[in-house]
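Okay, here's what each chain looks like letter by letter:
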Amino acid sequence: MREINNNVALLELGGSHSECMHLQIKALKDNGYNVFLICNSNIFNDFPDSNIFTAYQLHDIGNSFLSHIKAIRRIRSFLKKYDINTIIINTIEISI
């Protein structure tokens, strides 16, 4: 069994609700977590200090099935690359 580490990814692929994430980020950082962001590129500017993230991945996901599969593969690769085993899903407002 894999040990839980301090790497946490915040996931927001929709186009809104980034305002909910600022307190989550602060609480995680204050408690020693490495915070990673996976989000829609349209909301990335809602986080003026990108240095608070250990790393981030931006997405522009289309409506096609192929676009969704590519996004899932990129996300999976990102999670493996940074050894992230905890994901906080902010909202689920899109079909992916």
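Just so it is clear, the model here is predicted, and its values are computed rather than measured. (Residues numbered from 1 in each chain as written. Predicted model: local features only at pLDDT ≥ 70, side-chain atom pairs only at ≥ 80, totals over all residues. Heavy atoms only, no water.)

Overview of the confidence of the model for the protein
Piece 1. The predicted model of the protein has a mean per-residue pLDDT of 89, with 92% of residues at 70 or higher.
Piece 2. At the low end of the mean pLDDT range in the protein sits strand 4 (residues 86-89), at 93; at the high end sits strand 3 (residues 55-59), at 96. (pLDDT = per-residue confidence, 0-100. Helix = DSSP H or I, 4+ residues; strand = E, 2+ residues; numbered from the N terminus.)

Describing the side chain of Gln57
Piece 1. For Gln57, the location among the structural elements is in strand 3.
Piece 2. Apart from residues lying up to four places away in sequence, Gln57 is in contact with Leu37, Ile38, Cys39, Arg74, Ile75 and Phe78. (Contact = heavy atoms within 4.5 Å.)

Considerations on the state of the cysteines
Piece 1. Inspection of the entire model under this criterion finds zero disulfides.
Piece 2. Between Cys39, a cysteine without a disulfide, and Cys20, which holds the nearest cysteine sulfur, the sulfur-to-sulfur distance is 14 Å.
Piece 3. Of the residues examined, Cys39 reaches a relative accessible area of 0% and is grouped as buried. (Disulfide = S-S within 2.5 Å. Buried < 20%, exposed > 50% of the residue type's maximum accessible area, 1.4 Å probe, protein only.)

With respect to helix 1 (residues 21-30)
Piece 1. Turning to helix 1, its buried residues are Met21, Ile25 and Leu28. All buried residues of helix 1 fall inside an arc of 70° around its axis, so they share one side. Opposite the buried face of helix 1, by more than 90 degrees, sit the exposed residues Leu23 and Asp30.
Piece 2. Buried residues along helix 1 sit against strand 1 (7-12), strand 2 (34-40) and strand 4. (Arc of directions from axis to C-beta.)

Quick notes on the pattern of salt bridges
Piece 1. For the structure on display, the rule yields one salt bridge.
Piece 2. Here Lys26 and Asp30 are joined by a salt bridge, their closest N and O atoms 2.6 Å apart. With Lys26 and Asp30 both in helix 1, this residue pair falls four residues apart, about one helical turn.
Piece 3. Among the residues examined, Lys26 registers a relative accessible area of 48% and is labelled partly exposed. (Salt bridge = Lys/Arg side-chain N within 4 Å of Asp/Glu carboxyl O.)

As for the packing of aromatic side chains
Piece 1. Per the counting criterion, the structure on display carries five aromatic pairs.
Piece 2. Ring centres of Phe36 and Tyr82 lie 5.2 Å apart, and the angle between their planes is 45°; this geometry places the pair in the tilted category. Separated by 46 residues along the polypeptide, Phe36 in strand 2 and Tyr82 in the loop between helix 2 (65-81) and strand 4 bring together distant segments of the chain.
Piece 3. Residue Tyr82 is classed as partly exposed on the basis of its relative accessible area, which comes to 27%.
Piece 4. Taken together, the aromatic side chains of Phe36, Phe78 and Tyr82 make up a single cluster linked through ring pairs. (Phe/Tyr/Trp six-rings, centres within 6.5 Å; stacked < 30°, edge-to-face > 60°.)

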